[in-house]
Amino acid sequence: MKVTTPGTEGTRRRESVFHRLYVGTGAFDIVGKRARWYIALGLLVLVCIGSIGFKGFNLGIDFEGGTKLQMPAVGVQGPIETNQVQDAFREAVGRPAETVQIVGAGANQTIQIRSETLDVEQVNAVKQTLFTKLQPLNAQGQPSQQVISDSAVSGTWGGEITQQALIALAVFLVLVTIFLAFYFEKWMAVAALIALLHDVVVTAGIYSLVGFEVTPSTVIGLLTILGFSLYDTVVVFDKVKENTRGLLGLTRRTYPEAANLAVNQTLMRSINTSVIALLPVLGLLVVGAGMLGVGMLRDLALVQMVGMIAGVVSSILLATPLLVDFKMREPKYREHAAKVKQRRERAAAKAAGEEVPEEAPKQAVAAGAGTSKRPSRPAGKSGRPTGKRRR
């Protein structure tokens, strides 16, 4: 069903897309095309769930455990490249390291090597090979094997972080449900939670598809995007609540049309909010991860960027269309939509010059149906009804 705001059909073609987006007159039929949004987002969720189930996640060393080595990024022959470190590691243990990355900036740059758990002999062999081939320098500018450090990482810490994050997520969802049910209504709470679940599944699925490394910073960043997604949905629902106040007593527009107008009115705000929110995230990703080489900042920025984009899409294309479908299941909103349609048909017939029978006023019909003549009692000579005969 095509849903547009009454009065905008004639001006849609004359106005530019940016003007309609800025004014928010309801020219974008978002709610009316909700079937295609359901199909597109449903396919995306299925792909993400399939990737999580079959491919899984690229868990970092904090979850699986392993060995981490660190050394300066400068050797006798100048800056040390990651491919040189990878070749030396492969020569020492017979397999490549899981990750080799440069962190820090300037004179404080270091190279971090993460691999599966190595025994003492393998760690000593890697250190010896790295020192022999690359000759890393100490603070005094002299080659030294002592600057190559190693540490064993247990996977229990990452598991504890994940467990605490899941508990926090459950508490957050319960509190959000209570808040939305009291501030708005139950169907808005259900639609918002479905959109929130969509954001979590899509963000996790994209991490699985692309193969981004999942670290404790990723889990923490996933919790931060929930608030942003919920905020955008609440803004749209607040406008829907304002547009539908007293709607059943009027026949100007239906509930889907009022909801579609609310989405259009908040569309520009949603876009501006998401762009402003993504700017510092991109700065965190470019400066923190690209220039400074801090892996934790990269993981945090990646999950926030993916989650924010998913949150904006779900608040516009999923939450409000779901709310409309839930509300239109109630008989009173279906009856109201039928009245609006009937009024428009009568108005169109009058505009075309056709004769339209007037509707009988309900009060007059009710009054006429309730009147009936009572049989009169026989009257006496005086015109009054006769009573019982006296003896």
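Because the structure is predicted, anything quoted here is derived from the model rather than measured. All chains use their own residue numbering, which begins from 1 and follows the written sequence. For a predicted model such as this one, the threshold for reporting local features is a pLDDT of at least 70, and the threshold for listing and counting side-chain atom pairs is 80 or more; totals across whole chains, interfaces and linings nevertheless cover every residue. Calculated side-chain values reflect all of the structure's heavy atoms, with hydrogen atoms and water omitted.

## Considerations on the packing of aromatic side chains
Note on aromatic contacts: the rings of Phe and Tyr and the six-membered ring of Trp form a pair at centre separations within 6.5 Å, being stacked when their planes are under 30 degrees apart, edge-to-face when over 60 apart, and tilted otherwise. Within this structure, the stated rule accounts for 5 aromatic pairs. Ring geometry for Phe184 versus Phe237: centroids 6.3 Å apart, planes at 80 degrees, classification edge-to-face. Of the two residues, Phe184 sits in the loop between α6 (156-183) and α7 (186-210) while Phe237 sits in helix α8 (residues 216-243), which places them 53 residues apart along the sequence. Phe237 carries the same exposure label as Phe184, and that label is buried. Relative to Phe326, the ring of Trp187 lies with its centre 5.0 Å away and its plane at 25 degrees, an arrangement referred to as stacked. Remark: Phe326 occurs in helix α10 (residues 295-327) and Trp187 occurs in helix α7; sequence separation between them is 139 residues. Strands here are runs of E lasting at least two residues and helices are runs of H or I lasting at least four, both read from the DSSP assignment and numbered beginning at the N terminus. Categorising residues by exposure relies on relative accessible area from a 1.4 Å probe, with only protein chains included: less than 20% of the type maximum marks a residue as buried, more than 50% marks it as exposed, and the intermediate range marks it as partly exposed.

## A few points about the packing of α7 against α8
It is the contact of α7 with α8, at a shortest axis distance of 10 Å, that shows an interaxial angle of 145 degrees. With respect to the hand of their crossing, α7 and α8 are arranged in right-handed fashion. On the side of α7, the interface is formed by Met188, Ala191, Ala192, Leu196, Asp199, Val200, Thr203 and Tyr207, while α8 contributes Thr218, Leu222, Ile225, Leu226, Ser229, Leu230, Thr233, Phe237, Val240 and Lys241. By the convention adopted, Pro, Cys, Tyr, Trp, Phe, Met, Ile, Leu, Val and Ala count as nonpolar, Lys, Arg, Asp and Glu as charged, and the other residues, Gly among them, as polar. Taken together, the residues that form the contact of α7 with α8 break down as 12 nonpolar, 4 polar and 2 charged. Every angle, taken between N-to-C directions, lies between 0 and 180 degrees, and every axis is a line fitted to C-alpha atoms, over only the stretch in contact when it is a helix. The hand of a helix crossing depends on one turn: near helix anticlockwise from the far one by less than a right angle means left-handed, and clockwise means right-handed. Only heavy atoms matter for contacts: two residues are in contact if any of them lie within 4.5 Å across the pair.

## A look at the packing of helix α4 (residues 82-93) against helix α5 (residues 120-134)
Packing of α4 against α5 brings their axes to within 9 Å, and their N-to-C directions diverge by 135 degrees. By the angle between their axes, α4 is oblique relative to α5. Along this stretch, α4 crosses α5, giving a crossing that reads as right-handed. Between α4, through Gln84, Val85, Ala88, Phe89, Glu91, Ala92 and Val93, and α5, the contact on the second element is made entirely by Gln122, Ala125, Val126, Thr129, Leu130, Lys133 and Leu134. Here the contact of α4 with α5 is composed, by residue class, of 9 nonpolar, 3 polar and 2 charged. Just so you know how the angles are binned, under 35 degrees is roughly parallel, over 145 roughly antiparallel, 65 to 115 roughly perpendicular, and the rest oblique.

## So, the environment of Phe172
Along the chain, Phe172 turns up in helix α6. Phe172 sits 54 residues away from Leu226 along the chain, and the two C-alpha atoms are 9.0 Å apart. Dropping the residues within four chain positions of it, Phe172 is found in contact with Leu196, Leu226, Gly227 and Leu230.

## Let's talk about the UniProt feature "transmembrane region" (unreviewed entry) in the protein chain
UniProt positions are given in the numbering used here, feature names are shortened, and annotations may be inferred rather than shown by experiment. Residues annotated in UniProt with the feature "transmembrane region" (unreviewed entry) correspond here to residues 37-54, 165-184, 191-212, 218-237, 275-296 and 302-324. Here residues 165-184 is 95% helix and 0% strand, with 27 Å between the C-alpha atoms at its ends. Regarding residues 218-237, the helix share stands at 100% and the strand share at 0%, and the terminal C-alpha atoms are separated by 29 Å.

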